[in-house]
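Per-entry structural report
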Amino acid sequence: MFRTALRNVLAHKGRLLMTMLAVMLGTAFVAGTLVFTDTMGHALRTQNSKNYSDIAVTVSDREAVGRGYDHGGKTTTGPTLTEETRRKVAALPGTADARGVVSGFAGIADRKGALIGNGFSTTGTNYVPGADGTDPRYPLVEGRGPKDATEIALDTRTADKGGFKVGDTVRVAVNGPVMQLKLTGTLRTNDPRVVAGGSLAAFDTATAQQLYLSPGRYAELDVKAAPGTDDTALLTAVRQAVPQSDSIEARTGRELAAEQDRMIKQGTKALSTFLMGFAGIALFVGIFIIANTFTMLVAQRTRELALLRAVGATRRQITRSVKVEAVLVGLTASVAGLLAGIGIAIGLKALLNGPMDANLPDGPLVIAPTTVVAAIAVGTLVTLLAAWLPARRASRIAPVAAMSSAEQPATQKSLRLRNTIGLLFSLSGAGALAAGAGSKEVKLVGLGAGALLIGVFVLTPLLSRPLIALFAPLLRAVYGTPGKLAQENAVRNPRRTAATASALTIGVTLITSLTVVGASVNKAVDDSTSSDLKADYTVAMQNFSMLSPEVAPQIAKAPGVSAMSTVRTVPVQTAGGGHDREWLTAVDAATIDQLATVKVKEGSADALKQGKLLVSSGTAGRSYFKLGDTLAVTYPDGTKGSLTVGGVLEANTALAGVVAPENVVGPHALPGTGLDKVLVKGAHGPTEELKQALRDATGGNPLIAVKSEKDVKAESRQMVTGILNMMYGLLGMSVVIAVLGVVNTMAMSVFERRREIGMLRAIGLDRLGIRRMVRLESLLIALFGGLVGIGLGILVAWAGVRTLADSLKDITTVVPPVQILAFLLAAAAIGLLAALWPAHRAAKLDILGAIKSE
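Treat the numbers as computed from the prediction; the structure is a model and nothing was measured.

Here we look at the overall build of the protein
What the protein contains, in helices and strands, is 28 helices and 24 strands. In terms of overall dimensions, the protein has a C-alpha envelope of 100 × 70 × 50 Å along the principal axes. Relative to its 854 residues, the protein shows a buried fraction of 50%. Restricting to contacts in the protein with at least 6 residues of sequence separation, those with at least 24 account for 81%. Accessible surface, the protein as shown: approximately 37,700 Å² in total, 60% of it carbon and sulfur.

Set out below in structure tokens:
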């Protein structure tokens, strides 16, 4: 029977080609994901180990690190890492050197004033020259390091992007006005933030301390051990030498490297899991194609299998024979998929390092044994699983069927059982979907969506006749006999049509649901921005760090500004033993009603002007935030006070949480505490003149964004569109596999209907009519899959949107008609394209040869 299975595979290799391609593509997705993430993870870990190769102990001040990046105040009441501390550590026995480190954000403007690099990765640090005048962390490529507040050094990529050369003037900004500094050198760095598309600006130590912390203060001390010194012993000595504080922590370089390795592994694992989810979708689509192919092959070999039964083959042997065929197909396709996946990983790395300029670290290609085993096992097992039902059906062919070459029709009992199972799944899935939408439970919605999809897939043979019949009048009126034949052929075998259409339905369902959710989110953001925000412009940092408080007075003086309010977050300790913290949003009580919509459900809209709090309706659900409640607080400067809840706000995206008057809580914030943003109202509305005036007021800082209401909406849409495009791209593989399924089904249908096509040609249907018949049949199957997918996608999206009701104000389900129509037309195009080769093949059949065929 093994020889029989091998002979069958070789004999039908043409008909198995599309199935093998489907398995190969799914396996390539799996293998490519594993090889790429393993390769990237290995390169990042290797680079990480180099970063800590000369660090024995690191002492970090977590409070200082945070302030370096959010500029949330440069003073502190606790102990800090100072120059005195650094010298004390450097003098310890076993210490070769102790380097003080300061870091934060620093934006570099190109010659047009635009920000170079990613705003979240615009890094600033201090350049610490050694005895030779260089900093070993940042090898110089050209020039020298900065020596005073008028100089700066840049990484080579940033310098190249900006067209800067040593000696040029560079415009640099942190969170305030732009500084114009002289470029003294360019350097190399392995900093992952810079590698990921950011920039690196190196200042002298005193300047970096002034910009990010305070004079003489460090965020971190990196200690290098003398030869022969034990890291653990040095760690003990360092801990005794540094100030004792909850925010100051000393650890060995090995510990930090190991922690970074764990984080890298977690990151690459998360990426791998995300990509494997889409690989799973592609393989799931492939299951329909594989099952359909083997079902058709079994039907076409009914006489052959019956003869095997007649000469003594048992049912188990027949089943085993089909399974062996599936294993051979799966194994061959999986090996090809593994090789293709390795190629995909190589190409993806080259793409990221080339046109996309991701600058991933160099490293060897990693092909782990587990990757090889996983790719081959997944492809083979998926093929075997998909062929299981056809194999069982093959074993049930009776020996008497050798006298007939026709496919054995499904029994009424099997059809009733299938429809009953499908109906039960559909009803339970719809019920869970509705319940999840009502309770806003994402897991319940996901469970319901899965059950509903399975139920509809099982019911597709039942649905195919009425849905395809909708197009019958149009086909007959426009195309005549070919249209009528196409419609009848499409519903001749509902199971086959359903399996082919279902592969396309999966992709269309996911794409439709993502599109509807994206359109709904965009509409909700647009509506809430229009209704809640009255300000003409919002001034904020592009990387969501804190604005310098010095910016606010400059904005207030800008020509055309009629009203403005700073918005900043002030933490306070509340009653509860000093362990409870509340974040207050401080705004200008006198002007905020001109800049944001202030509508209250309870209390007074003028509560802020009365020195009281306004709380959002969600926050008011907590027991100590009822109208009239008084909250005992301890401010950041240690002052104690009490605040009274004067009103409960209606749902509002511009004013969320606990809103307090700036004149009450602002004086108690730590000196230098940064601002979240500044809201601005123009005397003549949002004009280009006002926008330029605000840019000028912020010193032309490339990190500071001046956004109108239109800009806020466009930014949100751009983010949603970016996510959708990424999802569409990842779902593309499953759509390609679905197309292969349509091609495969039509090609095999042409093969098994050779005699019928020959008879049609003999009685007068010309080659054009044959081509039209095959193309229209493929079109009907694709439209059927597209219609079901669009319907399911909209339903699932509706439930998903309902779960977002608590996160997005007044969100409703929005079905974009243009995109939905485009998806349906795309499904139609897929059907027509998939039929090109089968239609051409059918039209070229020899009439007499086709009539004589079995």
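Moving on, there is more to tell.
Some details on the sheet that holds strand 13 (residues 220-225)
Here four strands make up an open sheet; going across it, the order is 3-13-1-14 and the pairing antiparallel. Every interior strand has two partners, whereas the edge strands, strand 3 (95-101) and strand 14 (248-252), have only one. Sheet twist, expressed as the mean angle between neighbouring strand axes with direction ignored, is 15 degrees. The pairing of strand 1 (residues 57-61) with strand 14 spans five bridges and is classified as antiparallel. Residue pairing in the sheet places Val 57 in a bridge with Thr 252 of strand 14. Helix 4 (residues 83-90) contacts strand 3 and strand 13 of the sheet and is inclined by roughly 160 degrees relative to strand 3. Along the sheet face, helix 8 (residues 231-241) touches strand 1, strand 3, strand 13 and strand 14 and points at about 165 degrees away from the line of strand 14.

A few points about unusual backbone geometry
A positive phi is found at Lys 440, a non-glycine position, where the angle reads about 60 degrees. Mapped onto the fold, Lys 440 is located in the loop between helix 14 (412-439) and helix 15 (442-469). In this structure Lys 440 comes out as partly exposed when scored by relative accessible area, which is 26%. In the Ramachandran plot, Asp 810 falls in the positive-phi region, its phi being about 55 degrees despite a non-glycine side chain.

Regarding the environment of Ser 716
Among the secondary structure elements, Ser 716 is positioned in helix 23 (residues 709-752). Classification of Ser 716 as buried rests on a relative accessible area of 13%. Placed 14 residues apart in sequence, Ser 716 and Leu 730 show a C-alpha to C-alpha distance of 22 Å. Once residues lying within four places of it in the same chain are set aside, the contact partners of Ser 716 are Asn 522 and Val 525.

Examining the pairing of strand 20 (residues 630-634)
Alternating residues of strand 20 divide into Leu 631 and Val 633, all buried, and Thr 630, Ala 632 and Thr 634, none buried. In this sheet, strand 20 lies alongside strand 16 (residues 561-574) in antiparallel orientation, the contact comprising two bridges. Pairing of Thr 574 across the sheet is with Val 633, part of strand 20. Inspection of the sheet shows strand 20 paired to strand 21 (residues 640-649) by five bridges, in the antiparallel sense. Within strand 21, the position partnered with Thr 630 by the bridge is Thr 644.

A short note on the pattern of salt bridges
On inspection of all chains with the given rule, the structure shows 22 salt bridges. Of the charged contacts, one joins Lys 523 and Asp 527 as a salt bridge, the two residues approaching to 2.7 Å between their closest N and O atoms. A residue pair is termed a helical-turn pair when its members lie 3 or 4 positions apart in one helix, as Lys 523 and Asp 527 do in helix 18 (residues 494-532) at four residues. Among the ionic pairs, Asp 526 bridges to Arg 717, the shortest N-O distance being 2.6 Å. Of this pair, Asp 526 sits in helix 18 while Arg 717 sits in helix 23, and the two are 191 residues apart along the sequence. Of the residues examined, Asp 526 reaches a relative accessible area of 11% and is grouped as buried. Where salt bridges share partners, they join Arg 492, Arg 753, Glu 756 and Glu 777 into one cluster.

Looking at the packing of aromatic side chains
All chains considered together, the criterion is met by five aromatic pairs. For the pair Phe 284 and Phe 288, a centre-to-centre distance of 5.4 Å together with 80 degrees between the ring planes defines the contact as edge-to-face. Taken together, the residues Phe 284 and Phe 288, both in helix 9 (residues 253-300) and four residues apart, mark about one turn of the helix. Classification of Phe 284 by relative accessible area gives partly exposed; the value is 37%. Classification of Phe 288 by relative accessible area gives buried; the value is 16%.

Focus on the confidence of the model for the protein
With 92% of its residues at a pLDDT of 70 or more, the protein has an overall mean of 86. The weakest mean pLDDT in the protein belongs to helix 1 (residues 2-11) at 60; the strongest belongs to strand 8 (residues 151-155) at 95. Segment residues 71-75: pLDDT under 50, and 28 contacts once partners within four positions in sequence are set aside and those in other chains are kept.

A few points about the packing of helix 2 (residues 17-51) against helix 11 (residues 315-353)
Between helix 2 and helix 11, the shortest axis-to-axis distance is 6 Å and the interhelical angle comes to 45 degrees. Taken together, the axis directions place helix 2 and helix 11 in an arrangement best described as oblique. Both helix 2 and helix 11 take part in a crossing whose hand is right-handed. Taken together, the residues of the contact of helix 2 with helix 11 sort by class into 17 nonpolar, nine polar and one charged.

Side note on the environment of Ala 435
Examined against the element boundaries, Ala 435 turns out to sit in helix 14. Overall, Ala 435 belongs to the partly exposed group, its relative accessible area being 39%. Separated by 131 residues in sequence, Ala 435 and Glu 304 have C-alpha atoms that sit 51 Å apart.

Thoughts on the side chain of Asp 155
With respect to the helices, strands and loops of the structure, Asp 155 is situated in strand 8. Here Leu 200 takes part through its backbone nitrogen, which lies 2.8 Å from a polar atom of the side chain of Asp 155. Beyond its immediate stretch of four places on either side in the chain, Asp 155 contacts Leu 187, Thr 189, Val 194, Ser 199 and Leu 200.

Reading the values: the criteria
Residues numbered from 1 in each chain as written. Predicted model: local features only at pLDDT ≥ 70, side-chain atom pairs only at ≥ 80, totals over all residues. Heavy atoms only, no water. Helix = DSSP H or I, 4+ residues; strand = E, 2+ residues; numbered from the N terminus. Buried < 20%, exposed > 50% of the residue type's maximum accessible area, 1.4 Å probe, protein only. Contact = heavy atoms within 4.5 Å. Areas by Shrake-Rupley, 256 points an atom, 1.4 Å probe, with all protein chains shown as cover. Pairing = 2+ DSSP bridges. Axes fitted to C-alpha atoms, helices over the stretch in contact; angles between N-to-C directions. Salt bridge = Lys/Arg side-chain N within 4 Å of Asp/Glu carboxyl O. Phe/Tyr/Trp six-rings, centres within 6.5 Å; stacked < 30°, edge-to-face > 60°. pLDDT = per-residue confidence, 0-100. Parallel < 35°, antiparallel > 145°, perpendicular 65-115°, else oblique. Left-handed = near helix turned anticlockwise from the far one by under 90°. Nonpolar A, V, L, I, M, F, W, Y, C, P; charged D, E, K, R; others polar. Polar contact = N/O pair within 3.5 Å; in protein donor to acceptor, adjacent residues only side chain to side chain.

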